[in-house]
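# Fold and contact review
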Amino acid sequence: MSSFIRSFRLFTITLVLVVLTLTGCQTAPQKGLTPAQIALLKQQGFELTDEGWAFGLSGKVLFGSDVDSLNAQSSQIVERIGKSLLGVGIERVRVDGHTDASGKEAYNEQLSLRRAKSVGSVLAAAGMKQENIQLRGLGSRQPVASNNTATGRTENRRVSIVVSAD
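First, a word on what this report is: a plain description of the structure on this page. Note that this is a predicted model, so its numbers are computed, not measured. (Residues numbered from 1 in each chain as written. Predicted model: local features only at pLDDT ≥ 70, side-chain atom pairs only at ≥ 80, totals over all residues. Heavy atoms only, no water.)

## Brief notes about the nonpolar core
Phe46, Leu85, Val93, Val119, Leu123 and Val163 are the most contacted members of the largest nonpolar core, which totals 24 residues. Residue assignment for this core shows that the elements contributing at least two residues are helix H2 (35–44), strand S2 (52–56), helix H3 (72–87), strand S3 (93–97), helix H4 (105–125) and strand S5 (159–163). Apart from the residues within four sequence positions on either side, valine 93 is in contact with Leu85, Leu123, Met128, Asn132, Ile133, Gln134, Ile161, Val162 and Val163. (Core = buried A, V, L, I, M, F, W, Y, C linked by side-chain atoms within 4.5 Å. Buried < 20%, exposed > 50% of the residue type's maximum accessible area, 1.4 Å probe, protein only. Helix = DSSP H or I, 4+ residues; strand = E, 2+ residues; numbered from the N terminus. Contact = heavy atoms within 4.5 Å.)

## Describing the layout of surface pockets
In this structure, the second largest pocket occupies an estimated 200 Å³ of space. Contributing to the lining of the second largest pocket are Gly32, Leu33, Gln37, Gly89, Ile90, Glu91, Arg92, Val163, Ser164 and Asp166. The residue inventory of the lining of the second largest pocket, partitioned by class, reads three nonpolar, four polar and three charged. (1 Å grid on protein atoms, 1.4 Å probe; cavity = no way out; pocket = protein on both sides within 12 Å on 5 of 7 lines; lining within 4 Å. Points joined across faces, edges and corners; volume = space filled by probe spheres on them. Nonpolar A, V, L, I, M, F, W, Y, C, P; charged D, E, K, R; others polar.)

## Examining the pairing of S3
The side chains of a regular strand alternate, residue by residue, between the two faces of the sheet. Within S3, five of the five residues are buried, which leaves the element mostly enclosed by the surrounding structure. Between the parallel elements S3 and strand S4 (residues 133–137), the chain passes through H4 in a crossover that is right-handed. Taken together, the four bridges between S3 and S5 define a ladder with antiparallel strand orientation. Pairing of arginine 94 across the sheet is with valine 162, part of S5. (Right-handed = clockwise from strand over helix to strand, strands pointing away. Pairing = 2+ DSSP bridges.)

What follows is the structure in structure tokens.
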């Protein structure tokens, strides 16, 4: 009987070791962005924020007062970004439109949404699926500069492309 007990113990220990070894081989599904994706975001000018990786288009893609369409240069920038994101497997973005504080807030919210839509359209034309592009019109609620100066108002007329960090 003692040889049976020894054999059973050996079998049990071997079985436990095999199970532990196989469990160690399993990898959890990846959550978040890969190092290659993060490197591309940094290279393209995205910065890590509380809401994810954001590409602020103020200074690069600005809108004139009461204008919601992109000029040719701005469209090229957005198209390049869209293709680059897709090239590293980033298929979902949020586009936040903003305005300066001139005018009524209800109008500014609609204007900022139209700005986000114009950027979203270029991203879709670059190959991103429309259903993977979330659009938000934030009006003048999140200024990046003072609305008391012409320069500040210009900076506030912007769109941000945000890639979630998770």
